[in-house]
Amino acid sequence: MLKKLTLLLVAALCSLNLAAAKVKVDQTTKEKATISLLLAAMEGDVDSIWSILSPDTRQNMIKNFGSEAKAKAEFSKHLLQIPQQMSKSTGMPFQDAKELLKAYLAEDVNKVWTFMPQQMKQQGIKECGSEEQAKAMLKKMIPQAKKEFVNMFAAQMIKINGKWYFNSPAK
């Protein structure tokens, strides 16, 4: 089950159009490599995602799909499953879900607030008394939420020659 989930994640992260913005990849720490991987997924930067995959993971993907080009093409069928699931579960437009995830990763409270579903904003205002107080509470919550989200993926990171890579066990 974990292997299938991991392969789906790798597919989702690597399944992006080639005209995407280039993400600055930072593999100096497990967290930074994970954030680079997630941002590359949100931006559709296949080459950056591919560079963050461990050599063994890339080799296994190529073996499974016959070539690097085919592996990347196959991954494109699973485009951005994380924001797709978020979009589906919240009713948010897909692009807003992508932007919300990027804002969380950047810990940008104002952007998070902008892209949050209206119902969540209203609930926060109701619980906190005002928009300002709801944003202040959100600002306190974002670092922990980001850490928990990043840690879900960071568990699959391995260090090779001083750099961190996403590693997926072979099928």
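The preceding data block contains the structure.
Rules of the game
- Residues numbered from 1 in each chain as written.
- Predicted model: local features only at pLDDT ≥ 70, side-chain atom pairs only at ≥ 80, totals over all residues.
- Heavy atoms only, no water.
- Helix = DSSP H or I, 4+ residues; strand = E, 2+ residues; numbered from the N terminus.
- Buried < 20%, exposed > 50% of the residue type's maximum accessible area, 1.4 Å probe, protein only.
- Contact = heavy atoms within 4.5 Å.
- Areas by Shrake-Rupley, 256 points an atom, 1.4 Å probe, with all protein chains shown as cover.
- Axes fitted to C-alpha atoms, helices over the stretch in contact; angles between N-to-C directions.
- Parallel < 35°, antiparallel > 145°, perpendicular 65-115°, else oblique.
- Nonpolar A, V, L, I, M, F, W, Y, C, P; charged D, E, K, R; others polar.
- Expected span 1.5 Å × (residues − 1).
- Salt bridge = Lys/Arg side-chain N within 4 Å of Asp/Glu carboxyl O.
- Left-handed = near helix turned anticlockwise from the far one by under 90°.

Caption draft 1: Region of interest: the overall build of the protein. Along its length, the protein carries ten helices and two strands. Looking at the protein as a whole, 42% of its 171 residues qualify as buried. The contacts of the protein with a sequence gap of at least 6 include a subset with a gap of at least 24, amounting to 64%. Here the protein has roughly 9800 Å² of accessible surface; of this, 54% comes from carbon and sulfur atoms.

Caption draft 2: Quick look at the packing of helix α7 (residues 94-106) against helix α10 (residues 131-154). The interhelical angle for the contact between α7 and α10, taken along N-to-C directions, is 100 degrees, at an axis separation of 8 Å. Classified by the interaxial angle, the pair formed by α7 and α10 is roughly perpendicular. From α7, L101, Y104 and L105 reach across to α10, where they touch L138, I142, A145, K146, F149 and V150. Of the residues in the contact of α7 with α10, the class split is eight nonpolar, no polar and one charged.

Caption draft 3: Expanded view of α10. Here α10 spans 33 Å end to end across 24 residues, near enough to the 34 Å set by a 1.5 Å rise per residue. Turning to α10, its buried residues are A134, L138, I142, K146, V150, F153 and A154.

Caption draft 4: Spotlight on the pattern of salt bridges. Taken as a whole, this structure holds four salt bridges when the rule is applied. The partner of E43 in a salt bridge is K102, with the nearest N and O atoms 2.7 Å apart. Placement of the pair is E43 in helix α2 (residues 30-43) and K102 in helix α7, with a sequence separation of 59 residues. A salt bridge links K135 to E131; the shortest N-O distance between them is 3.5 Å. Residue K135 and its partner E131 are located together in helix α10, separated by four residues, close to a single helical turn.

Caption draft 5: Focus on the packing of α2 against α7. The contact between α2 and α7 brings their axes to 10 Å, and the two run at 155 degrees. Overall, the two elements α2 and α7 adopt an arrangement that is roughly antiparallel. Crossing of α2 over α7 shows left-handed handedness. Packed against α2, whose contacting residues are I35, L38, L39, M42 and E43, the element α7 presents K98, L101, K102 and L105 at the interface. In terms of residue class, the contact of α2 with α7 is built from six nonpolar, no polar and three charged.

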